[in-house]
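Observations on chain architecture
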Amino acid sequence: MREHIINQIKVEKIIAIIRGQPPEALIPLADALVAGGIRMMEITFSLKDPSRYRVTADGIRMLNKHFSGEISVGAGTVVSREQVRMACDAGASYIVSPGCDARVIDETRKLNLVSLPGAMTPSEIAAAYEAGADFVKVFPAGVLGPSYIRAVRAPLPHIPLLAVGGVDETNAAAFIAAGVMGIGAGGKLVNAEWIAQGFFDRITCAAQAYITVVKC
């Protein structure tokens with residue numbers, strides 16, 4: 001399971017970040033992303049409202065049941081062991097965190113899931129990898145730029161990196177060329193306004209555009 005997800009991230013190169021969407025939007029949204037070629041999706045927890053953690057877990061469970069292996073679903077904004085366990089019980093196959101918390105990484109690995117913690121500085125990136133991360137999510141990549149990735153990879157070429165935060169179809173190829181294994185794409189791909197208006201065809205077109213640039 002772990003090796004399959006690790007390889008899938010390297011091959012697919014893009015994880016769609018789904019944040020704050022109601023349960024009824026998840027399946028049509030995921031259908032639109034799949035139609036555009038994206039098969040990895042991260043459902044994020046909202047730290048503003050812990051009472052809704054269960055809703056997030058139920059969303060992960062619903063997508064896994066509906067797509068039955070066609071997509072790989074992970075949990076995002078995971079900051080506690082409790083969230084890791086909830087996500088695992090719901091069928092999440094990878095855990096994405098905003099920062100490097102060794103306890104979260106440890107719980108993720110204990111449950112045989114793939115760990116993707118966030119980091120910015122070289123020290124943070126090295127610490128996350130040393131703690132057991134499978135990939136380190138460089139955030140906010142859009143602010144730092146592809147040149148930053150190149151600079152970090154010079155002393156740390158052995159650490160698999162993902163670029164997340166401000167990465168879109170206009171700069172994704174540059175991040176891939178700089179040496180990241182893949183990207184995470186949020187609001188510009190999973191556009192909340194399009195979802196609210198039911199314009200899922202636009203999401204499919206956006207997904208196709210992302211796929212074109214990351215796999216060129």
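Look above for the structure.
A brief look at the structure comes next.

Conventions adopted
- Residues numbered from 1 in each chain as written.
- Predicted model: local features only at pLDDT ≥ 70, side-chain atom pairs only at ≥ 80, totals over all residues.
- Heavy atoms only, no water.
- Helix = DSSP H or I, 4+ residues; strand = E, 2+ residues; numbered from the N terminus.
- Buried < 20%, exposed > 50% of the residue type's maximum accessible area, 1.4 Å probe, protein only.
- Contact = heavy atoms within 4.5 Å.
- Areas by Shrake-Rupley, 256 points an atom, 1.4 Å probe, with all protein chains shown as cover.
- Lys, Arg positive; Asp, Glu negative; His and termini not counted.
- Charge placed at Lys NZ, Arg CZ, Asp CG, Glu CD.
- Axes fitted to C-alpha atoms, helices over the stretch in contact; angles between N-to-C directions.
- Parallel < 35°, antiparallel > 145°, perpendicular 65-115°, else oblique.
- Left-handed = near helix turned anticlockwise from the far one by under 90°.
- Nonpolar A, V, L, I, M, F, W, Y, C, P; charged D, E, K, R; others polar.
- Phe/Tyr/Trp six-rings, centres within 6.5 Å; stacked < 30°, edge-to-face > 60°.
- Lys NZ or Arg CZ within 6 Å of the ring centre and 35° of its normal.
- Salt bridge = Lys/Arg side-chain N within 4 Å of Asp/Glu carboxyl O.
- Core = buried A, V, L, I, M, F, W, Y, C linked by side-chain atoms within 4.5 Å.

A few words on the overall build of the protein. Check the secondary structure of the protein and you find 11 helices and nine strands. On the principal axes, the C-alpha backbone points of the protein span a range of 45 × 35 × 30 Å. Per-residue burial for the protein yields a buried fraction of 52% across its 216 residues. Contacts in the protein between residues far apart in sequence, at least 24 positions, make up 60% of those at least 6 positions apart. Entry remark: accessible area of the protein is about 9,400 Å², with carbon and sulfur atoms responsible for 55%. The averaged location of the 20 negative side-chain charges in the protein is 3 Å from the averaged location of its 21 positive side-chain charges.

Quick look at the packing of helix α2 (residues 23-35) against helix α11 (residues 200-214) now. Closest axis-to-axis distance for the α2/α11 pair is 7 Å, and the angle between their directions is 40°. In terms of orientation, α2 lies oblique with respect to α11. Note that α2 runs across α11; the crossing there is right-handed. Contact residues: Ala25, Pro28, Leu29, Ala32, Leu33 and Ala35 in α2; Phe200, Ile203, Thr204, Ala207 and Gln208 in α11. For the contact of α2 with α11, the class distribution of residues is nine nonpolar, two polar and no charged.

Moving on to the packing of aromatic side chains. Throughout the structure, instances matching the rule amount to one aromatic pair. Taken together, a centroid distance of 5.3 Å and an interplanar angle of 75° make the contact between Phe45 and Tyr53 edge-to-face. The cationic tip of Lys137 hangs over the ring face of Phe139; the distance from NZ or CZ to the ring centre is 5.5 Å.

Let us now look at unusual backbone geometry. The omega torsion of the bond from Phe139 to Pro140 falls at 0°, within 30 degrees of zero and hence cis. Within the fold, Pro140 resides in the loop between β7 (136-138) and α7 (141-144). Phi angles above zero are rare outside glycine, and Lys13 is one such case at about 70°. With respect to the element layout, Lys13 can be found in the loop between α1 (2-12) and β1 (14-18). Backbone geometry at Thr77 places phi at a positive 55°, although glycine is not the residue there. Relative to the helices and strands, Thr77 resides in the loop between β3 (72-76) and α4 (81-90).

Counted under the stated rule, the structure contains 10 salt bridges. Residues Arg61 and Asp58 are paired through a salt bridge, measuring 2.9 Å at the closest nitrogen-oxygen approach. Taken together, the residues Arg61 and Asp58, both in helix α3 (residues 53-67) and three residues apart, mark about one turn of the helix. Given a relative accessible area of 33%, Arg61 falls into the partly exposed group. Residues Asp134 and Arg109 are paired through a salt bridge, measuring 3.9 Å at the closest nitrogen-oxygen approach. Of this pair, Asp134 sits in the loop between α6 (122-131) and β7 while Arg109 is found in helix α5 (residues 102-110), placing the two residues 25 residues apart along the sequence. On the basis of relative accessible area, Arg109 is assigned to the partly exposed category, the value being 36%. Here the residues in one salt-bridge network are Arg81, Arg85, Asp106, Glu107 and Lys110, joined through shared partners.

Following both chains from N to C, one finds α2 and α3 inclined at 45°, their axes separated by 10 Å at the closest point. By the angle class used here, α2 and α3 are oblique. By crossing handedness, the relation of α2 to α3 is classed as right-handed. Contact residues: Pro23, Leu26, Ile27, Ala30, Asp31 and Val34 in α2; Val55, Gly59, Met62, Leu63, His66 and Phe67 in α3. Counted by class, the contact of α2 with α3 contains nine nonpolar, two polar and one charged residues.

To continue, consider the nonpolar core. With 63 residues, the main nonpolar core has Leu33, Ile125, Leu161, Ile183 and Leu189 as its most contacted residues. Looking at which element gives the most residues to this core, the answer is α11, with eight residues. For Leu161, the residues in contact, after removing those within four places along its chain, are Ile125, Val136, Val138, Ile149, Val152, Arg153, Val180, Met181 and Gly182. Formed by 11 residues, the second largest nonpolar core is a distinct cluster that contains Ile6, Ile15, Tyr94 and Leu116.

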